[in-house]
Amino acid sequence: MEARRKKPKPRFWRWAAASMLFRLALIYFAKDLNLATRPEVSTPVTSLRRLAEGYWLKQSSMSPYAGSMYHGSPLLLAVLGPLTENKIDGRSYQLCSLVSVIADIISAVLIRAIGQSLQFAYEKNLKSLGLGKLLEDSEILPSGDIAALVYLWNPFTIVTCMGFNTTPIENMFVIISLYGACKGRAPLAAFGWTIASHISLYPFVLIVPVILLLGYGPDAPPKKLFLQLHSVKDEDLSLSESNTNKGLRNQRKEVTHFSWRPVLVFLSWAFIWAAYVLGLCGIFMRDFGGLQEMFKRTYGFILTVKDLSPNIGVLWYFFAEVFDFFRSFFLIVFHANILFMIPPLAIRLYHRPCFLAFVYMTICTMLKSYPSVGDSALYLGLLALFINELSEMSFSFFMFCGYVGISLLSPVMHNLWIWRGTGNANFYFATAMGYACFQVILVVESVSSTLSHDRKIAKLIKASSIA
């Protein structure tokens, strides 16, 4: 087992270094690729071109939100704004792309660390359930290495990295939050969650899986399986006060116990980080309307879907067609759909918080106002963390072909509609609908496969107890 774990390590670092060199080579052609103009890559919220406009307004002693161009965080202006000044020689494009490359590498390394923690917990739980033989009979793939390489070599991640947008930075903070929670580092988890929510708003829903991760620990089979196994072993033990029985009771208590201390630490640090971030934003915006103006121009812009320029989501077309009288109603419906899915999924998948985070991020990508392929790069990287649990997932090849087909058809339909004039908005919206359908299938099949994996473990426990 140890040899199997150590073997992929040098191979991983070679492929990771190759992906970094590939990105660095693309930096010299990033401006010529014109990915920043693609609606699938850059959105009104994440575009660095809009950030450059906001920074120019700020340097001209005007509000960065004047003119309805920039709708991001004021902190991004302070950090990334100076990199967008040199527009003549193209150095700004290279510097911004270099920041995205660094963010991708950090994200991949953290995804690998998360995968290693999940795999260690997975093997430990199987051994505690008496299924150690299953580890010997079947090959357990290094999910951390695979997930990190999937994230690095995913075409969605690469085009996002070269597309001059802030999505790689947002994804990095989401992964930092999950990494901190998976390692039990509540301050780090609170920092990542606060910054990610501040930049994009939608990562706010990750508070549920982060709390479950801190309280219960990494993903594990359902707790009732441990209780079932311990009850069977308790019946077989003749001496109720034996050392073995005491160990079983202690293990059962450890399995079912929810630790509140790291959760309270997380909430305290989240409050501190949020106050600190809002304080910095208030200082930045004190001459331009204060925090109220920032909330209106950032979160208000996201929630009201004011920009109806085409993207790979479904909201732009719907709100372009809906009557204004019903606009507020459907805004509530679309955004409430995300909130309504949080409780039932948390109740059913509370024992797998990392997988729950993947499900939440996929749902947010489907229903968010301004999605991009960078959002898909994030949840596909998280999906690869569960390659062992999802090994028998149905329609895998069908979904892979669907994602490839949508990726090829979307630019073609956009070109036919906008530039050639031989198509209309329905052509491009059809690809967005297909993209949403494939994401729905991915969520349904992955959840079904994970629950089937848990049922398979339950059957193996019952069979071993009978034997």
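Residues numbered from 1 in each chain as written. Predicted model: local features only at pLDDT ≥ 70, side-chain atom pairs only at ≥ 80, totals over all residues. Heavy atoms only, no water.

**Student:** Can you walk me through the packing of aromatic side chains in this structure?
**Tutor:** Throughout the structure, instances matching the rule amount to 33 aromatic pairs. Between Tyr-65 and Tyr-70, the ring centres sit 5.8 Å apart and the planes meet at 15 degrees, which makes this aromatic pair stacked. Neither residue differs from the other here; Tyr-65 and Tyr-70 are each classed as buried. Taken together, the ring pairs connect Phe-173, Phe-191, Trp-269, Trp-273 and Tyr-276 into an aromatic cluster. Against the face of Phe-284 rests Lys-58, its NZ or CZ located 5.0 Å from the ring centre. (Phe/Tyr/Trp six-rings, centres within 6.5 Å; stacked < 30°, edge-to-face > 60°. Buried < 20%, exposed > 50% of the residue type's maximum accessible area, 1.4 Å probe, protein only. Lys NZ or Arg CZ within 6 Å of the ring centre and 35° of its normal.)

**Student:** Explanation requested: the packing of helix α8 (residues 143–153) against helix α21 (residues 373–383) in the structure shown.
**Tutor:** Each pair of packed helices gets described by two things: the angle between the helix axes and the distance between those axes. α21 packs onto α8 with a crossing angle of 160 degrees between their chain directions and a minimal axis gap of 8 Å. One element, α8, and the other, α21, form an angle in the roughly antiparallel class. The interaxial crossing formed by α8 with α21 has right-handed handedness. In this structure, α8 uses Ala-147, Val-150 and Tyr-151 to contact α21, whose residues at the interface are Ala-377, Leu-378, Leu-380 and Gly-381. (Axes fitted to C-alpha atoms, helices over the stretch in contact; angles between N-to-C directions. Helix = DSSP H or I, 4+ residues; strand = E, 2+ residues; numbered from the N terminus. Parallel < 35°, antiparallel > 145°, perpendicular 65-115°, else oblique. Left-handed = near helix turned anticlockwise from the far one by under 90°. Contact = heavy atoms within 4.5 Å.)

**Student:** Sorry if this is basic, but what is going on with a nonpolar patch on the surface here?
**Tutor:** On the surface, Met-20, Leu-21, Leu-24, Leu-95, Leu-98, Ile-102 and Ile-106 cluster together into a nonpolar patch covering about 540 Å² of accessible area. Broken down by secondary-structure element, the contributors of at least two residues to the nonpolar patch are α2 (8–27) and α6 (91–128). (Patch = residues over 30% accessible without salt bridge, like charges linked within 9 Å, V, L, I, M, F, W, Y side chains within 5 Å. Areas by Shrake-Rupley, 256 points an atom, 1.4 Å probe, with all protein chains shown as cover. Salt bridge = Lys/Arg side-chain N within 4 Å of Asp/Glu carboxyl O.)

**Student:** Can you walk me through the confidence of the model for the protein chain in this structure?
**Tutor:** Close reading of the predicted structure is inappropriate where its pLDDT is low. Within the protein chain, residue pLDDT values average 85, and 86% of them lie at 70 or more. Here residues 1–8 scores under 50 on pLDDT; set against residues more than four positions off or in separate chains, the count is nine contacts. In the predicted structure, residues 237–248 sits below a pLDDT of 50 and forms ten contacts with residues beyond four places in sequence or in another chain. (pLDDT = per-residue confidence, 0-100.)

**Student:** Which parts of the structure should I look at to understand the nonpolar core?
**Tutor:** Nonpolar side chains in soluble globular proteins generally cluster together in the buried interior. Core analysis: the largest hydrophobic core is formed by 122 residues, its most contacted members being Ile-114, Phe-266, Phe-358, Val-359 and Leu-442. Not counting residues up to four positions away in its chain, the partners in contact with Phe-358 are Tyr-379, Leu-382, Leu-383, Phe-386, Leu-442 and Ser-446. (Core = buried A, V, L, I, M, F, W, Y, C linked by side-chain atoms within 4.5 Å.)

**Student:** Help me understand the pattern of salt bridges in this model?
**Tutor:** Think of it this way: side chains of opposite charge can pair up when their charged atoms draw near. Going through the model one piece at a time under the given rule, you end up with nine salt bridges. Note that Glu-40 is salt-bridged to Arg-38, the shortest N-O span being 3.1 Å. Of the residues examined, Glu-40 reaches a relative accessible area of 6% and is grouped as buried. A salt bridge links Asp-375 to Lys-368, with the shortest nitrogen-to-oxygen separation between them at 3.3 Å. Under the relative-accessibility criterion, Asp-375 is labelled buried at 7%. Here the residues in one salt-bridge network are Arg-352, Glu-389 and Asp-454, joined through shared partners.

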